[in-house]
Amino acid sequence: MDLEKIFENAECEKAILKIASGDNDALRVIHKYMNRQIYAVAYAVLRDFALSDDVVQETYVKIMEKAVLYEKETKARAWILSIARNLAIDIYRKRAFDCSSEDVEEEEPRFDEGSVLVSMEVKRALDSLDDEERQIITMKIYAGLKHKEIAPLLDINEEACKKKYQRALAKLRELL
């Protein structure tokens, strides 16, 4: 883990401990360091902008609720991202159960016209990967996580994570 990640982890841990003692303003620290990563983890599971935004918000609520259960000197970033991933999986399962495919409305993309086609191609390519491969790619590229941070979130070892990442990249190269 590089120095920046160590610093971020320490700052997030301090913030979680402050939240546990009732200082909800400390949530700003977590937002500062983790918001993009929380979003990327949620998007990796859900592939939906609006639902990913919801997961980000729910993650902050869950952090406030569960901060008292956080064990000091564990990996704060991994703890936070596990919360986000679990919430995203819950929403994914609920959505799959609640909605038939014709009930789901297509969300309008949030891109300018010039980047829409490229974004659609990348999204289509990512959609062709299996769930675990897509999550690994998204967490590595968009959230900037390292394999040793991704592996425990997916309950696999670091070597398996690296191999799955390489295979997923090869598939994406073929498609793009």
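Calculation criteria
Residues numbered from 1 in each chain as written. Predicted model: local features only at pLDDT ≥ 70, side-chain atom pairs only at ≥ 80, totals over all residues. Heavy atoms only, no water. Helix = DSSP H or I, 4+ residues; strand = E, 2+ residues; numbered from the N terminus. Buried < 20%, exposed > 50% of the residue type's maximum accessible area, 1.4 Å probe, protein only. Contact = heavy atoms within 4.5 Å. Areas by Shrake-Rupley, 256 points an atom, 1.4 Å probe, with all protein chains shown as cover. Phe/Tyr/Trp six-rings, centres within 6.5 Å; stacked < 30°, edge-to-face > 60°. Lys NZ or Arg CZ within 6 Å of the ring centre and 35° of its normal. Polar contact = N/O pair within 3.5 Å; in protein donor to acceptor, adjacent residues only side chain to side chain. Expected span 1.5 Å × (residues − 1). Arc of directions from axis to C-beta. Salt bridge = Lys/Arg side-chain N within 4 Å of Asp/Glu carboxyl O.

Enquirer: How should I be thinking about the overall build of the protein chain in this particular structure?
Expert: The secondary structure content of the protein chain amounts to eight helices and zero strands. For the protein chain, the α and β elements follow one another from N to C terminus as α-α-α-α-α-α-α-α. Buried positions account for 40% of the 176 residues belonging to the protein chain. Residue pairs at least 24 apart in sequence account for 67% of intrachain contacts in the protein chain once pairs closer than 6 positions are excluded. Surface exposure of the protein chain reaches about 10600 Å², of which carbon and sulfur atoms provide 51%.

Enquirer: How should I be thinking about the environment of Glu121 in this particular structure?
Expert: With respect to the helices and strands, the residue Glu121 is situated in helix α5 (residues 113-128). Note on Glu121: relative accessible area 44%, which makes it partly exposed. Each C-alpha atom of the pair Glu121 and Leu176 lies 7.4 Å from the other, and the pair is 55 residues apart in sequence.

Enquirer: Help me understand the packing of aromatic side chains in this model?
Expert: Given two aromatic rings, their pairing is described by the distance between the two centres and the angle made by the two planes. With the rule as written, the count across this model stands at four aromatic pairs. Plain terms: the ring middles of Phe7 and Tyr33 are 6.0 Å apart, the flat faces sit at 85° to each other, and that makes the pair edge-to-face. Within this pair, whereas Phe7 is found in helix α1 (residues 3-20), its partner Tyr33 is found in helix α2 (residues 27-46), the two being separated by 26 residues in sequence. Here a set of aromatic residues connected by ring pairs shows up, and it is made of Tyr39, Tyr43 and Phe49. It is Lys140 that lies over the ring of Tyr165; its NZ or CZ is 5.9 Å from the centre.

Enquirer: Looking at this model, I keep getting lost on the side chain of Asp48. Mind explaining?
Expert: Mapped onto the secondary structure, Asp48 falls in the loop between α2 and α3 (49-66). Given the relative accessible area of 17%, Asp48 is considered buried. Polar side-chain contacts of Asp48 include one of 3.0 Å to the backbone nitrogen of Ala50. A polar contact of 2.7 Å, which involves the side chain of Asp48, links it to the backbone nitrogen of Leu51.

Enquirer: I tried to follow helix α6 (residues 131-142) on my own but got confused; where do I start?
Expert: Residues spaced three or four apart along an α-helix point in a common direction, a consequence of the helix completing one turn every 3.6 residues. The end-to-end C-alpha separation of α6 is 16 Å, in line with the 16 Å expected for twelve residues at 1.5 Å each. Among all positions of α6, only Glu133, Arg134, Gln135, Ile136, Ile137, Thr138 and Met139 are buried. N-cap assignment for α6: the residue whose side-chain oxygen lies 3.0 Å from the backbone N of Glu132 is Asp130. Immediately downstream of α6, the backbone of Gly144 shows phi near 70°, a positive value.

Enquirer: Any chance you could explain helix α8 (residues 158-175) here in plain terms?
Expert: Here α8 is 18 residues long and its end C-alpha atoms lie 26 Å apart, about the 26 Å a rise of 1.5 Å per residue gives. What α8 keeps buried is the set Cys161, Tyr165, Ala168, Leu169 and Leu172. All buried residues of α8 project into a common sector of 105° when viewed along the axis, lining one side. For α8, the exposed residues set more than 90 degrees away from the buried face come down to Arg173 and Glu174. Between the side-chain oxygen of the N-cap and the backbone nitrogen of Glu159 there are 3.1 Å, and the N-cap of α8 in question is Asn157.

Enquirer: Would you explain the pattern of salt bridges in this entry?
Expert: Oppositely charged side chains may form a pair once their charged atoms are brought near each other. Under the defined criterion, the tally for this structure stands at twelve salt bridges. One salt bridge connects Asp131 with Arg134, and the closest N-O pair in it is separated by 2.8 Å. In this pair, Asp131 and Arg134 both sit in helix α6, three residues apart, roughly one turn of the helix. Asp131 sits in the partly exposed class, given a relative accessible area of 34%. The shortest N-O distance in the salt bridge between Glu132 and Lys164 comes to 2.3 Å. Here Glu132 is found in helix α6, whereas its partner Lys164 is found in helix α8, with 32 residues between them in sequence. Exposure remark for Glu132: the relative accessible area of 23% places this residue in the partly exposed category. On the accessibility criterion, Lys164 (24% relative accessible area) is partly exposed. Within this structure, Glu8, Arg77 and Glu149 form a network of salt bridges that share partners.

In short, shape yes, function no, at least from these values alone.
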